[in-house]
Amino acid sequence: MDYDNENLFSYDEPEENSTDSDSLESEASSDSFDLSSFSSAAMEDKATTPVQKKGRKKTAKSRKERILKTILTLFLVGVITCSIVVSVFMVYVFTMVDATMDENLNELALNFTTTIYVEDKKNGEWNEYQRLHGTFNRIWCSYNEDKAKAEEKDYDGIPQNLVNAFVAIEDKRFFEHDGVDWKRTASAFVNMFVPLSDSNYGGSTITQQLVKNLTGDRSRKPSRKIREIMRARYFEKNYSKPVIVECYLNTIPLGHGLYGVEVASNYYFNKSVNELTVAECACLAAITQRPADLSPDDNPEANKSRRETVLYQMYVQKYITKKQYDEALKEKINIVANDDALNESEINSYFVDALITQVTDDLVEKYGYERTHASNLFYTGGYKVYATVDTNIQEAMESVFENSEKYALKSKKGQTLRAGMTVLDYEGNVKGMVGGIGEKTSNRGWNNAIDSSRQPGSTMKPIAAYAPAIEQNLINYSSIVNDKATNYNGWRPNNWYGGYWGNITVQYALERSVNTIPVYLVNKLTPQTSFDFLTGKLGITTLNAEDVNLAPLGMGGTNGGITTLESAAAYAVFGNGGLYYEPTLYTKVLDQRDNVILDGTSSPKMAISEDTATIMNHLLQGVVYGANGTGKGAASYISNMKMYAKTGTSNNSNDLWFVGGTPYYVASCWCGYENLEEIKSSSIALNMWGAAMSKVHSGLKTKEFTDSPYSVKKYYCTETGLLATDSCKSTAVGWYKKNDPQGMPTVCTTHKGDALPIPDSDEDKQRLEPQKSEESTASGEDNSSQ
């Protein structure tokens, strides 16, 4: 066979013995298409006779029909093939592609900004104080479709105009489609292969954009688009349109690291989102196409142009009237674009640092989180933290402690003095906290108010010895105790004044900060009882097993130490009727959906009885107002109300303390060097406490402590410690348990006579014992390790 003349497109098999001439003769009736007919020789032969010419016409017609049949056949095969491929692909997509997503839009847990709120004491309202966030800065804002459309006055969520603005420009068929706008998707698909536009526009709906925002998948590959489409359909099937648009508006990036419309509204307009005008809504909607190029602060003209497009789309889609459209076009938008509007602080206060620590600790304790995860949640959980801080008190304290020139004393070895102070109300709420001297320059650094557990010195005596001893009726206000040298298994406590005074009253022993008496009381109570009282009743957590001993508990020479936070909380029982509240820096923590995840309120526990608390309160007032009081210098700082207090000095004056309370607040202040070294200014802790508390109480009305109705004041004989008669030469006013015979002394029999009447309320409110012949020291005291 001549392969040059083979019928390549023939539908009929040629006969085995056929020749080229046979083929030519039968061409008119054949369905074959012979390529040899196009040869030059054949063409010349065909042109020689009319019969051949007629045959050529028939051949041409037949050839055209065969070409059309071939094209149609190929087209149909292509269509069938494409249909099969598309069908298989769609079966694969709808059966094999995982369209589900772990995110629950009703409880969406993304990285949101945590906001701290503080209470306004004047009106009781909670105001935003500070925001803290990680990489993503966004505040969740809810959307209620019914309230938004009705424009209810008390509605503070996403306004309907803002929803309409985004829908009009981003996805005008949002309320009609099932998650995918197939018309836009088809156009975008064709544009990927046959560029019809220079902009590579996408067909993503609002639902698809939400999927992209949640997954972070921004690949341009078809596989990503398929997943996105299926997941968008999944969202539409499982969630309502209002839920979808709410999540979308809370997750979109809007420039400058801002995510969501609330924080963007704060930054650009210094407004909450519910206060936005129609033009401002359009301004935000204009950003989302290209945040870096369309932000109204950096690119005002570009934003204005895009904003006008948004407004036009809102008008033509009948979201706004012609009048609203014209007014919005004319509106001059005030762009604030100020970080201050975000309530962020580059450097946190010591209070905020401590607040972060406490919330993190509580998350770990309640939910069993790893500490790193809990810390990260604080910044990314979108929490609403209702803090206990009083901003006026915090600022007052900071203004004192920032005075480095006055308080940052240098030691002999060149160390700079450190200090910390905590102020509480009488329900355990931390109202202010500072953890260092000078300007704070870093976040989450060392905070002396909560991180420095130092020897408390004589501030240990009231809480470890006197209070439990009075509670158990081992002593009363005026009991006679013997200040003498005593040996306890080879150890003997010494007094800071170098001697012993013999028989003295309990009141005088506490006023002068005598060492031997609290050691005697702890020994009588037993060190374990004293230790259990501190840790079980007063919430001290920093002591250890080595502190179950006479010196640590009787004189404050502890191994574990105490912080100002726990010290202030322990002393609060002397001003609130004996109730212990675990100190807290927040009242509650809500998640972004306003569910309470932590309750910070502290339930009171009876640490000591009311009458014991009143007795201790008046005993400690003697430290401030007594002629021999080691803390009498504090009286000049607050003159219009009483205070109770105790000074503390550790071994070799390495630590100085002043802890005290007024009818409003209780506070603890500590000073010391990082490495133990003598502090030359013995009154610096008292002075810092006084300077801060003076500012804290500035302008407060005069207030008095509430004495327990189960206590009573009476005159006592300073010589015998018994209730005074008219024959006693030296008397003072003491406080006793009214209905407890064991807590009330008998009438003095050494000086026989009639018992003195109960002092009048206006008479001799705090008449204390006269000064001893020995010279007193105003602010120096014990070496606790002796």
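Quick caveat: nothing in here was measured; it's all calculated off a predicted structure.

Rules of the game
- Residues numbered from 1 in each chain as written.
- Predicted model: local features only at pLDDT ≥ 70, side-chain atom pairs only at ≥ 80, totals over all residues.
- Heavy atoms only, no water.
- Helix = DSSP H or I, 4+ residues; strand = E, 2+ residues; numbered from the N terminus.
- Buried < 20%, exposed > 50% of the residue type's maximum accessible area, 1.4 Å probe, protein only.
- Lys, Arg positive; Asp, Glu negative; His and termini not counted.
- Salt bridge = Lys/Arg side-chain N within 4 Å of Asp/Glu carboxyl O.
- Polar contact = N/O pair within 3.5 Å; in protein donor to acceptor, adjacent residues only side chain to side chain.
- Contact = heavy atoms within 4.5 Å.
- Pairing = 2+ DSSP bridges.
- Axes fitted to C-alpha atoms, helices over the stretch in contact; angles between N-to-C directions.
- Phe/Tyr/Trp six-rings, centres within 6.5 Å; stacked < 30°, edge-to-face > 60°.
- Patch = residues over 30% accessible without salt bridge, like charges linked within 9 Å, V, L, I, M, F, W, Y side chains within 5 Å.
- Areas by Shrake-Rupley, 256 points an atom, 1.4 Å probe, with all protein chains shown as cover.
- Charge placed at Lys NZ, Arg CZ, Asp CG, Glu CD.
- Core = buried A, V, L, I, M, F, W, Y, C linked by side-chain atoms within 4.5 Å.
- Disulfide = S-S within 2.5 Å.

1. Points about the side chain of Lys 737
Relative to the assigned elements, Lys 737 resides in strand β16 (residues 731-737). Summary of buried charges: Lys 737 has no salt-bridge partner, and the nearest side chain of opposite charge, Asp 740, is 4.4 Å away. Polar contacts involving the side chain of Lys 737 include one to the main-chain carbonyl oxygen of Glu 471, which spans 3.4 Å. Not counting the four nearest positions on each side in its chain, Lys 737 is found in contact with Ile 470, Glu 471, Asn 473, Asp 611, Thr 612, Ile 615, Tyr 710, Gly 743 and Met 744.

2. Looking at the sheet that holds strand β5 (residues 430-434)
Here five strands make up an open sheet; going across it, the order is β5-β4-β14-β13-β12 and the pairing antiparallel. Whereas interior strands pair on both sides, the edge strands pair on one side only; in this sheet they are β5 and β12 (644-649). Recorded for the sheet is a direction-independent mean angle of 5° between the axes of neighbouring strands. Sitting on the sheet, helix α17 (residues 391-401) is in contact with β4 (418-424), β5 and β14 (666-672), with an inclination near 20° to β5.

3. Comments concerning helix α9 (residues 241-249)
For α9, a buried count of eight out of nine residues is recorded, marking the element as mostly surrounded by other parts of the structure. Looking only at α9, the buried set comprises Lys 241, Val 243, Ile 244, Val 245, Glu 246, Cys 247, Tyr 248 and Leu 249.

4. Looking at the packing of aromatic side chains
For the structure on display, the rule yields 23 aromatic pairs. Consider the rings of Tyr 477 and Tyr 736, whose centres lie 6.2 Å apart with planes at 65°: the pair is edge-to-face. You can see Tyr 477 sitting in the loop between α19 (460-471) and β6 (480-483) and its partner Tyr 736 sitting in strand β16, a full 259 residues away along the chain. Judged by its relative accessible area of 0%, Tyr 736 is buried. When the centroid spacing of 6.5 Å and the interplanar angle of 35° are considered together, the rings of Tyr 488 and Trp 491 count as tilted. Judged by relative accessible area, which is 13%, Tyr 488 ranks as buried. Taking the relative accessible area as the measure of exposure, Trp 491 reaches 22% and is therefore partly exposed.

5. Things to note about the pattern of salt bridges
Pairs may arise between side chains of opposite charge once their charged atoms sit close together. Within this structure, the stated rule accounts for 17 salt bridges. A salt bridge links Lys 121 to Asp 390, with the shortest nitrogen-to-oxygen separation between them at 3.3 Å. Residue Lys 121 is found in the loop between β1 (114-119) and β2 (126-132), and its partner Asp 390 is found in the loop between β3 (384-387) and α17; the two are separated by 269 residues along the sequence. A salt bridge links Lys 149 to Glu 145; its shortest N-O distance comes to 3.1 Å. Taken as a pair, Lys 149 and Glu 145 lie in helix α4 (residues 145-150) at a separation of four residues, close to a single helical turn. Here Glu 145 falls in the partly exposed class, since its relative accessible area comes to 24%.

6. So, the pairing of strand β15 (residues 711-717)
When a strand is regular, its side chains alternate between the sheet's two faces. Counting buried positions over the seven residues of β15 gives six, a clear majority of the element. Across seven bridges, β15 lies against β16 in antiparallel orientation. Its bridge partner lying in β16, Val 712 is registered against Tyr 736.

7. As for a negative patch on the surface
Among the surface-exposed residues, Asp 146, Glu 152, Asp 154 and Asp 156 lie close enough to one another that they form a single negatively charged patch. Counting through the fold element by element, Asp 146 comes out in helix α4. A residue is classified by how much of its surface remains accessible, and Asp 146, at 60% relative accessible area, is exposed.

8. Details of a nonpolar patch on the surface
The grouping of Leu 72, Phe 75, Leu 76, Val 79, Ile 80 and Ile 84 at the surface amounts to a nonpolar patch, some 580 Å² of accessible area in total. Its place among the elements puts Ile 80 in helix α3 (residues 50-96).

9. Some points on the nonpolar core
If you look at soluble globular proteins, the nonpolar side chains tend to sit buried side by side. One finds Leu 355, Val 359, Val 385, Tyr 466, Leu 534, Phe 574 and Met 616 to be the most contacted residues of the largest nonpolar core, which totals 97 residues. The element that contributes the greatest number of residues to this core is α19, accounting for eight residues. In this structure Leu 355 touches Ile 116, Val 385, Ala 387, Leu 585 and Tyr 586, once residues within four positions along its chain are discounted.

10. Brief notes about the sheet that holds β3
Taken together, the five strands give an open sheet; going across it, the order is β2-β1-β3-β9-β10, and neighbouring strands pair in mixed fashion. Either end of the sheet is taken by a strand with one partner, and the two such strands are β2 and β10 (596-599). Within the sheet, the average angular offset between the axes of one strand and its neighbour, ignoring direction, is 20°. Two elements, β1 and β2, share six bridges in a ladder whose sense is antiparallel. The residue of β2 that forms the bridge with Val 118 is Asn 127.

11. Considerations on helix α5 (residues 160-170)
Each full turn of the α-helix corresponds to 3.6 residues, which orients residues three or four apart in the same direction. Counting buried positions over the eleven residues of α5 gives ten, a clear majority of the element. Among the residues making up α5, those that are buried are Gln 160, Leu 162, Val 163, Asn 164, Ala 165, Phe 166, Val 167, Ala 168, Ile 169 and Glu 170.

12. Notes on the side chain of Ser 411
Mapped onto the elements of the fold, Ser 411 is located in the loop between α18 (404-407) and β4. Apart from residues lying up to four places away in sequence, Ser 411 is in contact with Tyr 673 and Glu 677.

13. Description of the state of the cysteines
Evaluation of the coordinates by the stated rule reveals zero disulfides. You can see Cys 717 has no disulfide; the closest cysteine sulfur is in Cys 728, sitting 3.8 Å from it.

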